[in-house]
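# Topology and contacts: notes
As a plain string of letters, each chain reads:
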Amino acid sequence: MAKTIEAIVAGVRSGEIDPVALVDQHLKLIEENEPSTNAFITVLADHARQKAGEIASRVAAGDPVGRLAGVPVAVKDNLCLRGAPTTCASRILEHWHPPYDATVLSRLLAEDAIIVGKTNMDEFAMGSSTEHSARGPTHNPRDMTRVPGGSSGGSAAAVAARFAQAALGSDTGGSIRQPAAFCGVVGLKPTYGLVSRYGLVAFASSLDQVGPLAGSVADAALLLEIIAGHDHMDSTSLDAPAPRLAGQAADSAEGLSIGIVRELSDGADPEVKRRLDEAAESLERAGARVESCSIPEVSYALPAYYLLAPAEASSNLARYDGVRYGLRVNAADTPTMNARTRSVGFGAEVKRRIMLGTYALRAGYYDAYYGQAQRVRTLLIRAFDAAYERYDALLSPTAPTTAFRLKERVEDPIAMYLSDVCTIPSNLAGHPAISVPFGTGEAGMPVGVQVMAPALAEAVMVRVATILEQAAP
Amino acid sequence: MIGSAQDPEQAPVSREEVEQVALLCRLEIDDGEARELAAQMSAVLSHAAALLSLDTSGVDPTAHPLPLVNVLRTDEVRESLAQGDVLSQAPDVEAGRFRVPPVRRRQPEEP
Amino acid sequence: MSAYGSERQRRREGGARDYEGFECVVGLEVHCELLTATKLFCGCKNAFGDEPNTNTCPVCLGLPGSLPVLNGHAVELAMRIGLALNCTVQPSIFHRKNYFYPDMPKDYQISQYDIPINTDGYLDLPSGARVGIVRAHIEEDTGKTTHSGGGGRIHDAMYSLVDYNRAGVPLVEIVSEPDIRSGEQAREYVSELRAVLVAVGASDGRMEEGSLRVDANVSVRRPGEPFGTRCEIKNLNSLRSLGRAVDYETRRQVDLLVSGGAVAQETRHWDEQAGHTVVMRSKEEAEDYRYFPEPDLVPLAPDAAWQERISRAMAPLPAGRRRALLDSVGAEGPAMVERVATVVAQDLDGYVMAAVDAGAPGALALSRAANELAAACAEDASLLDALEPGHFASLVAMEARGDLTATQAKAVLAEMLTSGEPPEAIASRKGFEALDPGSLRRAVEEVVAANSAEWERYKEGEAKMAQFFVGQVMKATRQKADGKAVMALLADLLRGSAGAP
Ligand SMILES: [Mg+2]
Ligand SMILES: [Zn+2]
C-alpha cells in the first residue's frame, strides 16, 4: 500500500525520507511513463529538485517544515504559478507566464509542498475526457486506450500513475470527480466558497471550485484543509475557518442516514449500478440507514448547466482578445484581429460553448434561457435542501459509465456532456461532493461512487467516504 | 431524461443566428463551421426543451449559491506590478502602452 | 408620475427656449470619477497623469484568474451621492456589460444594471428648476486609448495605444430625467451637480482632467407632444462644449424636421474645434451588451444604520449653504443671489458668515467675498490659505465704519492674502487713516482751485472730467480719499458755483 501524505511528512521531518530522493523517484517515473501518458503540460523538474533540496537542508538544520514538507504535488494548468507557463491547454495562452500565484498554490508552497508539474486538461476546463487539449489527449494509466476523464484528466492520471502523491484540479461540472472515478483515485469538490478561486483561470465563475485528487480520502482531506479558508482576494470566499478533516475516526456509520438518488443511478451501466449497491450495503453494514430516494429536479441539472456555464464562460473568455497577453493573429483592424486571434487560439469545444453562452445571453433571449436556468437552479437547491432534511448524505455513481475509449465521444458533444450528469447537480447547488474508487466495472476499469453532502458538511462527507474506501473491493 | 436524439424542430438555431452570434463574441467561422454549430447548438437547446418550458413563475433566480453580502475592501493602496512585467507579455508595445491595430472595423475595399 | 411631477412641469416651462416652435429635451449622463485612494476592485492607485501602465495589477489588467474585490470607500461615496441627490439608497447587485473594446481589459465592464444602488432622486438648480435623477450607479472606468497616425483622429488612425492606469477607477454614473430644456440649463445642471459632488467629497470636479464626463441625450419636439427621436452626444468635456453641443444639436434636429426630414437615432461625437456633432454609430450598429449578474461579486445591502452614519457625517450641500448665506446676509434680488452663488461655489461662505457673526454688515462682506476673494481664488486658490476669517471680519468692519475707503480696503485685503497679517497692521503701515470730512472738503477745494481750466470744462457739462478730479484728489490725499465721497463733494461744489452770482 502506498504511503499517505502524513507518513511522508513524518518521514521527511524525522530524516527517514530524503525529499530529494523522493522527488527524483517521482521524476524518474514521469520520465519513463509520461511520453505515453501525457499527463503534464509542463514538468517542473528543476523547480522541484531545488525546492526539495531547500527542504532537506532545513530539516538538516533542525528548522521547522510545513504540513506538506517534501510531498510531490501536481497542479492543473489553469492554476496560476509565477514563473511557469499557465496555458489552460489552449493555444491562446501557449506562452503566458502569470506574474502572480493562485492563492491555493501559495498555500501549498507555504506548507512546503513540491509542485512537480502543471497537468493536462480539456482546454479551459471544458470537456470530460481531456481530449480537448491543444497538447493532445491524456491517456488513462489504467488502460492507455481509454480517456482519463476530464477536464482534470491530467491531474487524475498523474496521481494514478504515481507521478505525484496528490494533485489539484478544478471542478465546474464534475471535472475533479469524474476523472478521479475514471482513473481510480479520490477526487473532492468542496463547498462553493470554501476554497479561494483567486488565480484559478475562470471557466464558469459561479460553479468553479478548486479541489484535491489523491490516492486516499485522508490525503484528499488533508489537502483540502490546507487550501481551504477565507481569502480576501476572492469576494465569494466564505468567511469561515477551514474545516478540520484530517485524522477523523470513521470506523462506524452509526446514526447516519443516507439516500441513494434514483434519478442519478437509474441510467448508469449495470456494472456501475452493481458497485453502487455494494457500496450501499457496506454503509448499512457499518451502521447507516440507507434507502433509495427520488429528487426529480436533478434531471434538470444537466440542461441548466449547459445554459449557465457557457454563458458565464462566454464572458470570462472574452478577455483573450490578442491585446494584452497570449496569442495575437494580426489583422487590419482590432475587431478583425480579435476574431482571428480567437478563432485560431480556441479549439472547437471552447468555441461551441462561447457560441452557446453568447446565444443564451442575447437581449430578448436572456429571460427564456439564462434566466430560466437560474430559476431552475433555485428549484434544484430547494429540492436538495428538502432531501438533506431527511439524509445526512446522498449517494450516486460518479459517472454513468467507466472510462470510455479515446475518440469514442469526441465527435458527439451531447454524449460527452452526458458523462457529467451525476456530478453537475452539486455544482449548481454549491454543495460538496467526493468520488471514491469502489471496485471495477466493464473491462476492469475503476468505478467511482459519489458521496454528496450539504454545504459545509465536508466532515460528514469525508466520514462516509472513508468507510467506503475501507470497504471497497 | 436526456436522450441523444436530435430534434432541431424544437429549438432550431439558424445559420443567420449563428453568424450574428459569432460577430458578437468575435469568432471567425466559415460556412462549414456555421452549419455544424447551428446543428450542435440546436441539439443542446432541444435537450433543454423540457427545462425551457418548465413553469418557474414566482421562483427567484439563483445567480450565486452563497448567502454573502457586503464583501468590501478597505481603500488602501497596494503595490502595482512593474511596468516591465505588465508589458513583457504583450504581443505589441509602444511607449509604455499596448499597441493595437485601428480600433474601428475597416470597411471591405470597394472593387 | 412622480410626486414632484407637476412642479417639474412648471419648472420645465421656465427653463425652456423656443426654437421655431420646437423645444429641446435633454437628459444627461454624468460619469463622476470617485475621489478614492485606490481603484474600484483592486489596490492600485487611483491617480491621474502617471506613467502609462504603472498603476496596474492582475485585477485591473483582467489577467486570467484574477478576481474583483469591491472598494468600501467607493461604495460610501456612491451612497453620499445618492443621499445628496435625494435618491432612494437600496440593496443592489453588479452586472457584467459585455462588449469588446481594447481599453476594457476583461472585455466586459462591471457595472450596475437593473438594481442600482441609488434611484429616483432629484437636483434643484439655483435658478429654481428641478431635474429628476433616474439613477446613480457604481461602475468601473475603462483604460485610455490614444489614436496615432492620421492626425490622432479615431476614424483614420493607423494604430492605437492603450494605457490601463484608468481601467478600474471607480465611477458613479448619474442619469438625469429628460427634464432639461436648453444648452444653458444643461450647463447649470452640470455646474450644480459638480458643486454637489465636490461638497460630498466624491469628486475633485476637474472636467478638463476627465474627472467629470458628460454624455447628452438630445431630442426636439413641439411642446406637449411626445418625445422625439434622440441622439446621444459623446465627448463633452467642458461646460462650454456641453452648452454649445446641445444648442448645435437642437438646431440640427430642428432644421432636419423643418425641412421635412427625420431625426435618426444615433450616437454622435462633439467636435469642439469644428463646433459640430458628427455621427459615430447608428442604431443598427448598437451593441448587444448581454448583461448578466456578475458572479465574482456578492450583493450590496446598505442597511439603515450604515446609511444613517453616512448621512450624519455628510458636509452641507451647496443649495443649503446658499440658503443659509442668503439668510445670514439678509440680502435679496438677483444680484445678491448671484453673489451668494459665486461665494458658495468658491467655498468662501465661511468668511462671510464669520464677518456677519462679528457684527459686520452682510452685504459689504458678501461683496468683498464675491468680488475680491473670488477673483483671488480664481487666480490661485492657495492664496486663501493665509487669510483668517477673523481678519476678514475686521477688514469689513473697518470699511463699514469708514476707517478705510473702498479703495484702501481692497488694497489692504490684497496684502492680507499674501502676508496673512491683520488688516489694522497693514492699514497703519500704509498710513491709511480715514480723512475727516472737513479735510477731504478742503482737499477737493484746493484741487478745484489749482485746475480752473478743467473745472470750467466740468461745469460746461463734460462729465468725464469728474474722473480727472477724483484722480487728482486721490493723488493729493495719498489714496486716502473715498472716491464716492469725492464725487459727492464735486457735485456739491458744482451746485454751489452754479448758484453764485
Ligand atoms: Mg455607464
Ligand atoms: Zn489594479
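Residues numbered from 1 in each chain as written. Chains lettered and ligands numbered in written order. Predicted model: local features only at pLDDT ≥ 70, side-chain atom pairs only at ≥ 80, totals over all residues. Heavy atoms only, no water.

## Comments concerning the interface of chain C and chain B
Contacts between chain C and chain B engage 53 residues on the former and 32 residues on the latter. In total, about 3500 Å² of surface goes out of reach between chain C and chain B, with carbon and sulfur atoms giving 59% of it. For the chain C face of the interface with chain B, the top three residues by lost area are F100, Y159 and V298 of chain C, together amounting to 16%. Taken together, the links from chain C to chain B amount to zero salt bridges. At the boundary of chain C with chain B, the tally comes to 21 residue pairs in polar contact (both at pLDDT 80 or more). Broken down by secondary-structure element, the contributors of at least two residues to the side of chain C that touches chain B are strand 2 (70-71), helix 2 (72-84), strand 8 (144-148) and strand 9 (159-163) of chain C. Ranked by residue count, the leading element in the side of chain C that touches chain B is strand 9 of chain C, at five residues. (Contact = heavy atoms within 4.5 Å. Buried area = accessible area lost by both parts, 1.4 Å probe. Salt bridge = Lys/Arg side-chain N within 4 Å of Asp/Glu carboxyl O. Polar contact = N/O pair within 3.5 Å; in protein donor to acceptor, adjacent residues only side chain to side chain. Helix = DSSP H or I, 4+ residues; strand = E, 2+ residues; numbered from the N terminus.)

## Points about the coordination of the zinc ion (ligand 2)
Each pair of donors in an ideal four-coordinate tetrahedral metal site encloses 109.5 degrees, whereas pairs in an ideal six-coordinate octahedral site enclose 90 or 180 degrees. All names here are of chain C. Protein ligation of the zinc ion (ligand 2) involves C42 (SG), C44 (SG), C57 (SG) and C60 (SG), the donor distances falling in the range 2.3 to 2.4 Å. Geometry at the zinc ion (ligand 2) is tetrahedral, judged from the four donor atoms that bind it and their angles of 99 to 116° at the metal. Binding-site remark: the zinc ion (ligand 2) is held by donors from one chain whose sequence spacing is C-x1-C-x12-C-x2-C. Residue C42 is located in the loop between strand 1 (23-33) and strand 2, and its partner C57 is located in the loop between strand 1 and strand 2; the two are separated by 15 residues in the primary sequence. For C57, a relative accessible area of 9% gives the class buried. (Donors = N, O, S within 2.8 Å, 3.2 Å for Na, K, Ca; no water. Tetrahedral: all angles 85-135°; square planar, octahedral: opposite > 155°, others 65-115°. Buried < 20%, exposed > 50% of the residue type's maximum accessible area, 1.4 Å probe, protein only.)

## A look at the packing of aromatic side chains
One pass over the full model with this rule turns up 27 aromatic pairs over all chains. With a centroid separation of 6.2 Å and an interplanar angle of 80°, the aromatic rings of F41 of chain C and F94 of chain C are classed as edge-to-face. A residue pair is termed long-range when its members are at least 10 positions apart, and F41 of chain C in the loop between strand 1 and strand 2 and F94 of chain C in the loop between strand 3 (88-89) and strand 4 (95-98) qualify at 53 residues. F41 of chain C gets classed as buried once you look at its relative accessible area, which sits at 5%. Plain terms: the ring middles of Y289 of chain C and Y291 of chain C are 6.0 Å apart, the flat faces sit at 70° to each other, and that makes the pair edge-to-face. Among the aromatic residues, those joined into a cluster by ring pairs are W96, F124, Y320, Y325 and F346 of chain A. Positioned above the aromatic ring of F404 of chain A, the side-chain terminus of R409 of chain A is 4.3 Å from the ring centre. (Phe/Tyr/Trp six-rings, centres within 6.5 Å; stacked < 30°, edge-to-face > 60°. Lys NZ or Arg CZ within 6 Å of the ring centre and 35° of its normal.)

## Things to note about helix 6 (residues 318-329) of chain C
Residue and element names in this part refer to chain C. When the terminal C-alpha atoms of helix 6 are compared, their 16 Å separation across twelve residues agrees well with the 16 Å that a helix rising 1.5 Å per residue should span. Here helix 6 has its buried residues at P318, R321, R322, L325 and V329. For helix 6, the angular spread of the buried residues around the axis is 100°, confining them to a single face. With respect to the buried face of helix 6, the exposed residues turned more than 90 degrees away are R323 and D327. Looking at the packing, one finds that the buried side of helix 6 touches helix 3 (183-199), helix 7 (334-345), helix 8 (349-357) and helix 9 (362-379). Positive phi appears at G330, one or two residues downstream of helix 6, with a value of about 60°. (Expected span 1.5 Å × (residues − 1). Arc of directions from axis to C-beta.)

## Some thoughts on the layout of surface pockets
Residue and element names in this part refer to chain C. By volume, the second largest pocket amounts to about 1000 Å³. Lining the second largest pocket are 34 residues, and of these R194, A195, V344, A345 and Q346 sit closest to its centre. Elements with a contribution of two residues or more to the lining of the second largest pocket: helix 3, helix 6, helix 7 and helix 9. The element best represented in the lining of the second largest pocket is helix 3, accounting for nine residues. Looking at the lining of the second largest pocket, its residues break down into 15 nonpolar, seven polar and twelve charged. Each of domain 1 (3-286) and domain 2 (316-430) gives at least three residues to the lining of the second largest pocket. (1 Å grid on protein atoms, 1.4 Å probe; cavity = no way out; pocket = protein on both sides within 12 Å on 5 of 7 lines; lining within 4 Å. Points joined across faces, edges and corners; volume = space filled by probe spheres on them. Nonpolar A, V, L, I, M, F, W, Y, C, P; charged D, E, K, R; others polar. Domains from an automatic or database assignment.)

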